Amino acid sequence: MDGNMRWSKLKKLNYFDSYLAGAKNLLNLSEYIFKNYNISYISAFALSKNNLKRSPKLISTLKDVLEYFLNSEQKDKKKNYQVIFKGDKSFLKSYLIKKIDKLENLNINRSKKLFIYINYSGQDDILEACKKLIKSKKRVNYNNFIDNLVTKNVPFPDMLIRTGGYKRISDFMLFQSSFSELMFTDKLWPNFKKVDLDKFIQNYNKIDRKFGH
């Protein structure tokens, strides 16, 4: 979900309002996807580990946006999907982690899942999975490795969409995206709309996915 900062400058908005607009766009698009497509899992890259190197002021603003998001979502207990956060949450204060836990327990029986990745690194995910596997003394094989990833029990993505104009995946789900279809757009995330999403999904459906065969 790239482009919030550039969008704020174009719109002459403060960072809080621009990133909040991005968060609302994620929810709107997720609702639309779950309602109109046979899709049960969405993964959204909200904050990478590298993003934490940005200014303390911006990081503080992002935490404020997260708190606003968590508070507003607590009030909506009738969603047709569950929200789950993935990544290292240790950079957050305990009260925010408790709010995340509370939100994740809402709609817990829903089959549709929205995974939001914060302070996540695909490289770290691979390294930590290796460390855990070695420590467990289990046999090193594909299934045991998968079981130690942050994304355990999360299906690998069929398609990755990158907004904002950059044609890279920026350390997101590196192991898991080996056969993902990569889609790129110059549109900044808050400007990415349902019609744009429809076009990507239509293009995806035209692809003959051979998985190496």
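S.K.: Give me the packing of helix α2 (residues 15-36) against helix α7 (residues 194-205): which residues, what numbers.
M.R.: Axis separation between α2 and α7 bottoms out at 11 Å; the angle between their running directions is 45 degrees. What the angle tells us is that α2 and α7 run oblique. The element α2 and its partner α7 pack so that their crossing is right-handed. Facing α2, whose interface residues are Asn28, Leu29, Tyr32 and Ile33, α7 presents Lys194, Leu197 and Asp198. In the contact of α2 with α7, the residues fall into 4 nonpolar, 1 polar and 2 charged.

S.K.: For the packing of helix α3 (residues 56-74) against helix α4 (residues 94-104), give the residues involved together with the corresponding values.
M.R.: Close contact between α3 and α4 brings their axes to 10 Å; oriented N to C, the two are set at 35 degrees. Judged by the sense of rotation from one axis to the other, the crossing of α3 with α4 is left-handed. On α4, the residues that touch Lys63, Leu66, Glu67, Phe69, Leu70, Asn71, Glu73 and Gln74 of α3 are Tyr95, Leu96, Lys99, Ile100, Lys102 and Leu103. Partitioning the contact of α3 with α4 into residue classes produces 7 nonpolar, 2 polar and 5 charged.

S.K.: Give a description of the environment of serine 177 that names residues and reports values.
M.R.: Along the chain, serine 177 turns up in the loop between β4 (159-162) and β5 (181-184). Its relative accessible area of 9% is what places serine 177 among the buried residues. Each C-alpha atom, one on serine 177 and one on lysine 206, is 19 Å from the other, the two residues being 29 residues apart in sequence. With residues near it in sequence (within four places) discarded, serine 177 still touches Pro157, Leu160, Ile169 and Phe172.

S.K.: For the pattern of salt bridges, give the residues involved together with the corresponding values.
M.R.: Applying the stated criterion to the full structure yields 9 salt bridges. Here lysine 79 makes a salt bridge to glutamate 31, at a shortest N to O gap of 3.1 Å. Here the residue lysine 79 occupies a position in the loop between α3 and β2 (82-86), and glutamate 31 occupies one in helix α2, the gap between them amounting to 48 residues. The class of glutamate 31 is partly exposed, set by a relative accessible area of 29%. Of the charged contacts, one joins lysine 131 and glutamate 128 as a salt bridge, the two residues approaching to 3.4 Å between their closest N and O atoms. Note that lysine 131 and glutamate 128 are positioned in helix α5 (residues 122-136) at a spacing of 3 residues, about one turn of the helix. What makes lysine 131 exposed here is its relative accessible area of 52%.

S.K.: So what's going on with the environment of aspartate 198? Which residues, and what values?
M.R.: Counting through the fold element by element, aspartate 198 comes out in helix α7. A C-alpha to C-alpha distance of 17 Å links aspartate 198 and proline 157, two positions 41 residues apart in sequence. Aspartate 198 has contacts with Tyr32 and Tyr37, leaving out every residue within four places of it along the chain. Looking at aspartate 198, its side chain comes within polar contact range of the side chain of tyrosine 37, at 2.5 Å.

Each value, and the rule that gives it
- Residues numbered from 1 in each chain as written.
- Predicted model: local features only at pLDDT ≥ 70, side-chain atom pairs only at ≥ 80, totals over all residues.
- Heavy atoms only, no water.
- Axes fitted to C-alpha atoms, helices over the stretch in contact; angles between N-to-C directions.
- Helix = DSSP H or I, 4+ residues; strand = E, 2+ residues; numbered from the N terminus.
- Parallel < 35°, antiparallel > 145°, perpendicular 65-115°, else oblique.
- Left-handed = near helix turned anticlockwise from the far one by under 90°.
- Contact = heavy atoms within 4.5 Å.
- Nonpolar A, V, L, I, M, F, W, Y, C, P; charged D, E, K, R; others polar.
- Buried < 20%, exposed > 50% of the residue type's maximum accessible area, 1.4 Å probe, protein only.
- Salt bridge = Lys/Arg side-chain N within 4 Å of Asp/Glu carboxyl O.
- Polar contact = N/O pair within 3.5 Å; in protein donor to acceptor, adjacent residues only side chain to side chain.

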